[in-house]
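Residue-level structural notes
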Amino acid sequence: MSKAASACRFNRAIVRLPGESVINGLRAGSGENPSYTGVCNEHQAYIAALQAAGVEVQILEALEAFPDSVFVEDPALVFPGAAILLRPGTAARGGETAAIQDALEQQFECIYAIPPGCFVEGGDVLVTPSKVMIGLSSRTNIDGADALGKILEKLGRSLEIVTTPPAVLHFKSDCGLLDDETVLATEQLAKTGVFKGFDQIITPVGEEAAANALRINNIVLLSDQCPRTAETLDRRGYTVAPLSTTEIGKIDAGLSCMSLRWLD
Ligand code: CIR
């Protein structure tokens, strides 16, 4: 029998088209640029998968001035009825918050904001039914986490501050929620003990990228480069939709980062 997945129910999402500048997106290493056409194809397939899962998708125009602005998950965090303007912890992405503010104001009654000097990126935030987990990282600092905690309190949610493994971009680069009680996580993150109390499925060695899976309603969006993880999830009763992440992977991105999702 499948487990409850209230935290994975969504009917609305915002995405942003990639600009041609996406080829200059940030990356930790000195790897090759992604192809613009390749990113566009992956992004289109992603939108189609959200729609097939029952989500109405608002598509924002590309922003050439911000190469990473296709990753709309990072400058904001959304809940039913409320949006929080976050502050990316890298200067190149700082302007993305102001750029998405209008779209959020049109959709949400209440808008909150992380104050200046505090940094939080949405990729570091995992929303679970019992708590919101935030991983401190090179992009999210303790002041940002504390500021987010104060806002979440107003929304009746509690925050747990944890740590993103070293050299990992975001907390959710290494984990994703599969249902209300199950997480998919890399071994290096799981072994820190952060998911005590959850059922845990660990990604096989070599398929760490699978951890940034995205459960949307009855579907789990998963990188198509992770067949062993797909097989495990299938055996456990999840319906997997494999999506190409080859090009966005070149700029350290995965599946959760390309949308803001909520239940209206
Ligand atoms: C960055 O370094 O900010 C982008 N190239 C990738 C952002 C991925 N965001 C996410 O996983 N939430």
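These lines cover the structure that appears in this document, whether it is placed above or below.

What follows covers the packing of aromatic side chains. Enumeration over the complete set of coordinates arrives at three aromatic pairs. Look at Phe-108 and Trp-262: their rings are 4.7 Å apart centre to centre, the planes differ by 50 degrees, and that puts the pair in the tilted class. Here Trp-262 lies in strand 15 (residues 260-262) and Phe-108 lies in the loop between helix 2 (96-107) and strand 5 (110-113), a separation of 154 residues in the sequence. The burial state of Phe-108 is the same as that of Trp-262; both residues are buried. Measuring from centroid to centroid gives 6.0 Å for Phe-171 and Phe-195, while their planes differ by 40 degrees, and the two rings are tilted. Here Phe-171 is found in the loop between strand 8 (159-163) and strand 9 (175-179), whereas its partner Phe-195 is found in the loop between helix 4 (187-190) and strand 11 (199-202), with 24 residues between them in sequence. The exposure classification of Phe-171 matches that of Phe-195, with both residues buried. Each member of the aromatic cluster is reached from another via a ring pair, and the members are Phe-171, Phe-195 and Phe-198.

Right, let's get into the environment of Ala-7. Tracing the backbone shows Ala-7 in the segment before strand 1 (12-16). Taking the relative accessible area as the measure of exposure, Ala-7 reaches 22% and is therefore partly exposed. Residues Ala-7 and Arg-215 lie 208 residues apart in sequence; the distance between their C-alpha atoms is 9.1 Å. In this structure, Ala-7 is in contact with Val-127, Thr-128, Pro-129, Leu-177 and Asp-180, ignoring residues within four places of it in sequence.

What follows covers the sheet that holds strand 8. Ordered by their spatial adjacency, three strands build an open sheet running 6-7-8, and the pairing between neighbours is mixed. With one partner strand each, in any of the chains shown, strand 6 (125-127) and strand 8 form the two edges of the open sheet. Across this sheet, the average inter-strand angle for adjacent strands is 20 degrees, counted without regard to direction. Relative to strand 8, strand 7 (residues 132-136) is paired through five bridges, and the arrangement is parallel.

Not every one of the 13 residues close to the ligand is listed here, only the nearest: Leu-26, Asp-68, Asp-74, Arg-93 and Ile-251. Interatomic distance of 2.9 Å between a backbone N/O atom of Leu-26 and a nitrogen atom of the ligand. Within the contact set of the ligand, an oxygen atom lies 3.5 Å away from a side-chain nitrogen or oxygen of His-170. Protein burial of the ligand: of its 350 Å² of free accessible surface, 98% is covered by the chains. By residue class, the composition of the shell around the ligand is five nonpolar, two polar and six charged.

Turning next to the sheet that holds strand 2 (residues 56-60). Pairing within the open sheet is mixed, and its three strands lie in the order 2-1-15. Each edge of the open sheet is held by one strand with a lone partner, namely strand 2 and strand 15. The sheet shows a mean angle of 15 degrees between the axes of neighbouring strands, taken without regard to direction. The pairing of strand 1 with strand 2 spans five bridges and is parallel. Paired with Arg-16 across the strands is Leu-60, a residue of strand 2. Helix-sheet contacts for helix 2 involve strand 1, strand 2 and strand 15, and the interaxial angle to strand 1 is about 160 degrees.

Core analysis: the largest hydrophobic core is formed by 25 residues, its most contacted members being Tyr-46, Leu-50, Val-55, Phe-71, Ile-216, Leu-221 and Met-258. Looking at this core, the elements with two or more residues in it are strand 1, helix 1 (36-52), strand 12 (214-216) and strand 14 (239-243). In terms of residue count, helix 1 provides more of this core than any other element does, five residues in total.

This part is about the side chain of Glu-73. For Glu-73, the location among the structural elements is in the loop between strand 2 and strand 3 (76-79). For Glu-73, the contacting residues outside a window of four places in its chain are Gly-122, Gly-123, Lys-172, Ser-256, Cys-257, Ser-259, Leu-260 and Arg-261.

What counts as what
- Residues numbered from 1 in each chain as written.
- Predicted model: local features only at pLDDT ≥ 70, side-chain atom pairs only at ≥ 80, totals over all residues.
- Heavy atoms only, no water.
- Phe/Tyr/Trp six-rings, centres within 6.5 Å; stacked < 30°, edge-to-face > 60°.
- Helix = DSSP H or I, 4+ residues; strand = E, 2+ residues; numbered from the N terminus.
- Buried < 20%, exposed > 50% of the residue type's maximum accessible area, 1.4 Å probe, protein only.
- Contact = heavy atoms within 4.5 Å.
- Pairing = 2+ DSSP bridges.
- Axes fitted to C-alpha atoms, helices over the stretch in contact; angles between N-to-C directions.
- Near = heavy atom within 4 Å.
- Polar contact = N/O pair within 3.5 Å; in protein donor to acceptor, adjacent residues only side chain to side chain.
- Areas by Shrake-Rupley, 256 points an atom, 1.4 Å probe, with all protein chains shown as cover.
- Nonpolar A, V, L, I, M, F, W, Y, C, P; charged D, E, K, R; others polar.
- Core = buried A, V, L, I, M, F, W, Y, C linked by side-chain atoms within 4.5 Å.

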